[in-house]
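Close look at the chain arrangement
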Amino acid sequence: MKKLVLLSVVLLAVSAVAQNNLSLPAGTSMKVKLENALTTFSSKSGDPFSARVTEAVMLDGKPVIPVGATVQGRVTKTTEPRRIAGKPTIAIFPETVVLPNGEHYMLNATLVDTSVRNGTDVNDEGQFKGKGHDGKDMTEIGMGTGGGMLVGGLIGGGKGVLIGGAVGATATVAHWLGKKNSAMLPAGTELVMELSRPLAMTAATVGQ
């Protein structure tokens, strides 16, 4: 009888150790919802961000990271180039996942997708890229040039059309080039992350 009791205790201990030494493989997806807005015009490198897990992360059919867990990290880069120079960028680094019971685990993950569309994307380095210049910008330049031609024509005839067009184009292009491309990940944006390294959920990785 004592042997049976001892065996049961050992099995329970082994089971507890196994449950406390889970490891999610690299490439595991995590779906979260951003809790604070990130923008190219207000966020800077080092700023914190937080996101809430919206779908349980499963392992062998069991939830390992439940809905409601929190992913915490920091912004690593924001750029807001002039329109002609490229796309605005927001880069983030997820660092920690906090379970509802308060346990903290170190996290190394990469952003792979967002719910934001309209010409945006996420590049191979996990950086969110806003949209670059598009047809609307070309229309703005065209309207500025056309407006200059119209004013010039009314004032000086045919020659005024050419002068007005040149002045209008120069002013419009200068105005256009002076503007910057900005990007935003609003609070509530859905993010998809993938583990860059296995996530070992062991006692040794628990933080306080």
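Residues numbered from 1 in each chain as written. Predicted model: local features only at pLDDT ≥ 70, side-chain atom pairs only at ≥ 80, totals over all residues. Heavy atoms only, no water.

With respect to the overall build of the protein
Here is the rule: Here a helix means four or more residues in a row that DSSP labels H or I, a strand means two or more in a row labelled E, and each is numbered from the N terminus. Working rule for contacts: check all heavy atoms of both residues, and any pair within 4.5 Å makes them a contact. Accessibility throughout is a Shrake-Rupley quantity obtained with a 1.4 Å probe, and a residue counts as covered only by protein chains that appear here.
For the protein, the helix and strand inventory stands at 2 helices and 16 strands. Residue pairs in contact within the protein that sit at least 24 positions apart in sequence constitute 66% of those at least 6 positions apart. Here the protein displays about 11,900 Å² of accessible surface, and carbon together with sulfur accounts for 61% of that area.

Things to note about the confidence of the model for the protein
Using the following cut-off: Confidence of the predictor in every single residue is expressed as pLDDT, which spans 0 to 100.
Scored by pLDDT, the protein has a mean of 77; 62% of the residues are at 70 or more. A low-confidence stretch, residues 144-155 stays under pLDDT 50, and its non-local contacts, those more than four residues away or across chains, total 18 contacts. In the predicted structure, residues 203-208 sits below a pLDDT of 50 and forms 8 contacts with residues beyond four places in sequence or in another chain.

Some thoughts on the pairing of strand β6 (residues 62-65)
The cut-off we apply is this: Pairs of strands are assigned from DSSP output, requiring at least two bridges between the strands.
Judged from the 3 bridges that link them, strand β5 (residues 57-59) and β6 form a sheet pairing that is antiparallel. Bridging across to β6, leucine 59 finds its partner in lysine 62. The turn joining β5 and β6, which pair antiparallel and follow one another in sequence, is formed by 2 residues; a positive phi near 55° is taken by aspartate 60.

So, the environment of glutamate 80
So the rule is basically this: For the purposes of these results, a polar contact is taken to be a pair of N or O atoms within 3.5 Å, where, inside protein, one atom must be able to donate a hydrogen and its partner to accept one; residues adjacent in sequence count only when each atom of the pair is a side-chain atom.
Here glutamate 80 shows up in the loop between β7 (70-79) and β8 (89-98). C-alpha of glutamate 80 to C-alpha of glycine 130: the two residues are 50 residues apart in sequence and 9.4 Å apart in space. There is a polar contact of 3.1 Å between the side chain of glutamate 80 and the side chain of threonine 40.

As for unusual backbone geometry
Of note in this structure, aspartate 60 is not a glycine but carries a positive phi near 55°. As for its position among the elements, aspartate 60 is in the loop between β5 and β6. Backbone geometry at asparagine 118 places phi at a positive 55°, although glycine is not the residue there.

Concerning the pattern of salt bridges
Under the convention used in this document: A side-chain nitrogen of Lys or Arg and a carboxyl oxygen of Asp or Glu constitute a salt bridge if their distance falls within 4 Å. Only protein chains enter the area calculation, which uses a 1.4 Å probe; residues under 20% of their type maximum are buried, those over 50% are exposed, and those in between are partly exposed.
Counted under the stated rule, the structure contains 5 salt bridges. Between lysine 31 and glutamate 55 there is a salt bridge, with its nearest N and O atoms 3.6 Å apart. Of this pair, lysine 31 sits in strand β2 (residues 29-34) while glutamate 55 sits in the loop between β4 (48-53) and β5, placing them 24 residues apart in sequence. A relative accessible area of 43% means that glutamate 55 is categorised as partly exposed.

Points about the pairing of β4
In terms of strand pairing, β2 meets β4 through 3 bridges, oriented antiparallel. Bridged to lysine 33 within β4 is arginine 52. Across 5 bridges, β4 lies against β7 in antiparallel orientation. Residue pairing in the sheet places proline 48 in a bridge with arginine 74 of β7.

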